[in-house]
Amino acid sequence: MTTFPTARAVRTTPEGLLWEPSARWVRGRRGEVTVVDSRHPVLVWEPGVPVPLYAFPREEVREDLLRPAKNPATGTHTGSRVFYDLELDGEIVENAAWTFPAADLAGHISFEWFGRVGRGLDHWYEEEEEIFIHPRDPHKRVDAMVSSRHVRIEIDGTLVADTVRPVLLFETALPTRFYIPREDVRTELLVPTDHHTGCPYKGTADYWSLRDAAAVPANIVWSYPDPLPAVHPVKGLLCFYNEAADITVDGETLERPVTPFTRTLSTQTPR
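Residues numbered from 1 in each chain as written. Predicted model: local features only at pLDDT ≥ 70, side-chain atom pairs only at ≥ 80, totals over all residues. Heavy atoms only, no water.

Novice: Honestly, the side chain of His134 in this entry has me stumped. Any pointers?
Specialist: One can find His134 in the loop between strand 12 (129-131) and strand 13 (142-146). When neighbours within four sequence positions are excluded, His134 is seen to be in contact with Val51, Pro52, Trp113, Arg116, Pro200 and Tyr201. (Helix = DSSP H or I, 4+ residues; strand = E, 2+ residues; numbered from the N terminus. Contact = heavy atoms within 4.5 Å.)

Structure, rendered in structure tokens:
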């Protein structure tokens, strides 16, 4: 009989890494070449990094494509000292892989994800579903729920949205996001930008800035035109950063949260 734990089965290494085995079948490719094909991956959380990485048993990695790194990124990835360059069809991808300096993870190799850092393997699959940016955290939930709350959004004193049919998106460790039907948004105040982001839970987002707003950060509004199935209710709706907008829900004005996006918004040039 298999006994399943009732608490989070994450283990800790002396180096501060958290890790746990995953039951998912994971493959990583560079172009059309499969570099990783693993049925025994391990999820690893580094200190101070909110999203996990995968580490794979060496026997499930194409080690024949790896070379000792010519310029190892020593000191990154929790003090890792062993790095590998990936050589494929005459192309060298520097520091594409590494080993963690932890006895628990001896015999495992991790890889960079191109969508996150701009190098490494560029296509990842869990079972038959392609995953973007980073692995999904099995201890994180993302729920999109249709609501009838009255939501008003102001930016720099200007009313930009007013609705009683929002979709609320609840995501672990982030503030509630309010997705608004376009008919309830003053879209004439928005100008599209060429900015895009990817999320392994939601998909790829398009962005808008507030027109002629000198004090407002760029890319303050986003939408998922083709979201992943788990959050399909947000399809085509517009969302505003709580960190830079004044949002009132059922007559109560919400405090602006401080999140990892707060600093990003503060460094963006208004448009």
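From this point on, the discussion continues.
Novice: Just checking my understanding: could you explain the pairing of strand 17 (residues 177-180) for this structure?
Specialist: Residues in a regular strand point their side chains to alternate faces of the sheet. Neither face of strand 17 is left uncovered, since the one carrying Arg177 and Tyr179 and the one carrying Phe178 and Ile180 both have all their residues buried. The hairpin formed by strand 16 (residues 167-171) and strand 17 contains five residues between the paired strands, and Ala173 there has a positive phi angle of roughly 75°. As paired elements, strand 17 and strand 21 (residues 238-240) share two bridges and run antiparallel to each other. Note that in strand 21 the partner of Ile180 across the bridge is Leu238. (Buried < 20%, exposed > 50% of the residue type's maximum accessible area, 1.4 Å probe, protein only. Pairing = 2+ DSSP bridges.)

Novice: How should the sheet that holds strand 7 (residues 66-68) be read in this particular structure?
Specialist: Pairing between the strands of a sheet is mediated by backbone hydrogen bonds and can be parallel or antiparallel. An order of 1-2-5-6-10-9-8-7 is seen for the eight strands of this open sheet, with the pairing classed as antiparallel. The sheet is open, and its two edges are formed by strand 1 (11-12) and strand 7, each paired on a single side. Note: strand 2 (residues 18-21) against strand 5 (residues 42-45), four bridges, orientation antiparallel. Across the sheet, residue Glu20 finds its bridge partner in strand 5, namely Leu43.

Novice: How should the nonpolar core be read in this particular structure?
Specialist: Nonpolar side chains in soluble globular proteins tend to end up buried together. Ranked by internal contacts, the top residues of the largest apolar core, which has 40 residues, are Ile153, Tyr179 and Phe240. Tallying contributions element by element places strand 19 (residues 203-210) first for this core, with four residues. (Core = buried A, V, L, I, M, F, W, Y, C linked by side-chain atoms within 4.5 Å.)

Novice: Which parts of the structure should I look at to understand the packing of aromatic side chains?
Specialist: What characterises a pair of aromatic rings is the spacing of the ring centres plus the angle enclosed by the ring planes. Counted by the stated rule, this structure contains nine aromatic pairs. Ring centres of Trp113 and Trp124 lie 4.5 Å apart, and the angle between their planes is 5°; on these two criteria the pair is classed as stacked. With Trp113 in the loop between strand 10 (108-111) and helix 2 (114-117) and Trp124 in strand 11 (residues 123-126), this residue pair connects regions lying 11 residues apart in the sequence. You can call Trp124 buried: its relative accessible area is 2%. Clustering of aromatic rings is evident, with ring pairs tying together Tyr54, Phe56, Phe111, Trp113 and Trp124. (Phe/Tyr/Trp six-rings, centres within 6.5 Å; stacked < 30°, edge-to-face > 60°.)

Novice: Would you explain the pattern of salt bridges in this entry?
Specialist: Between side chains of opposite charge, a pair can form as their charged atoms come close. All told, the structure shown has 19 salt bridges when counted by the stated rule. The salt bridge partner of Arg152 is Asp162, with a shortest N-O separation of 3.0 Å. Placement of the pair is Arg152 in strand 14 (residues 151-155) and Asp162 in strand 15 (residues 158-163), with a sequence separation of 10 residues. Relative accessible area serves as the criterion here: at 30%, Asp162 is assigned to the partly exposed category. In this structure, Glu188 engages Arg186 in a salt bridge whose closest nitrogen and oxygen atoms are separated by 3.2 Å. (Salt bridge = Lys/Arg side-chain N within 4 Å of Asp/Glu carboxyl O.)

Novice: Where do I start with the sheet that holds strand 12 in this structure?
Specialist: Here four strands make up an open sheet; going across it, the order is 4-3-11-12 and the pairing antiparallel. Every other strand in the sheet has two partners, leaving strand 4 (33-38) and strand 12 as the edge strands with one partner each. Going across the sheet, the axis of each strand differs from the next one's by a mean of 25°, ignoring polarity. Where strand 3 (residues 26-30) meets strand 4, five bridges bridge the pair, whose relative direction is antiparallel. Directly across from Gly28, in strand 4, lies its bridge partner Val36. (Axes fitted to C-alpha atoms, helices over the stretch in contact; angles between N-to-C directions.)

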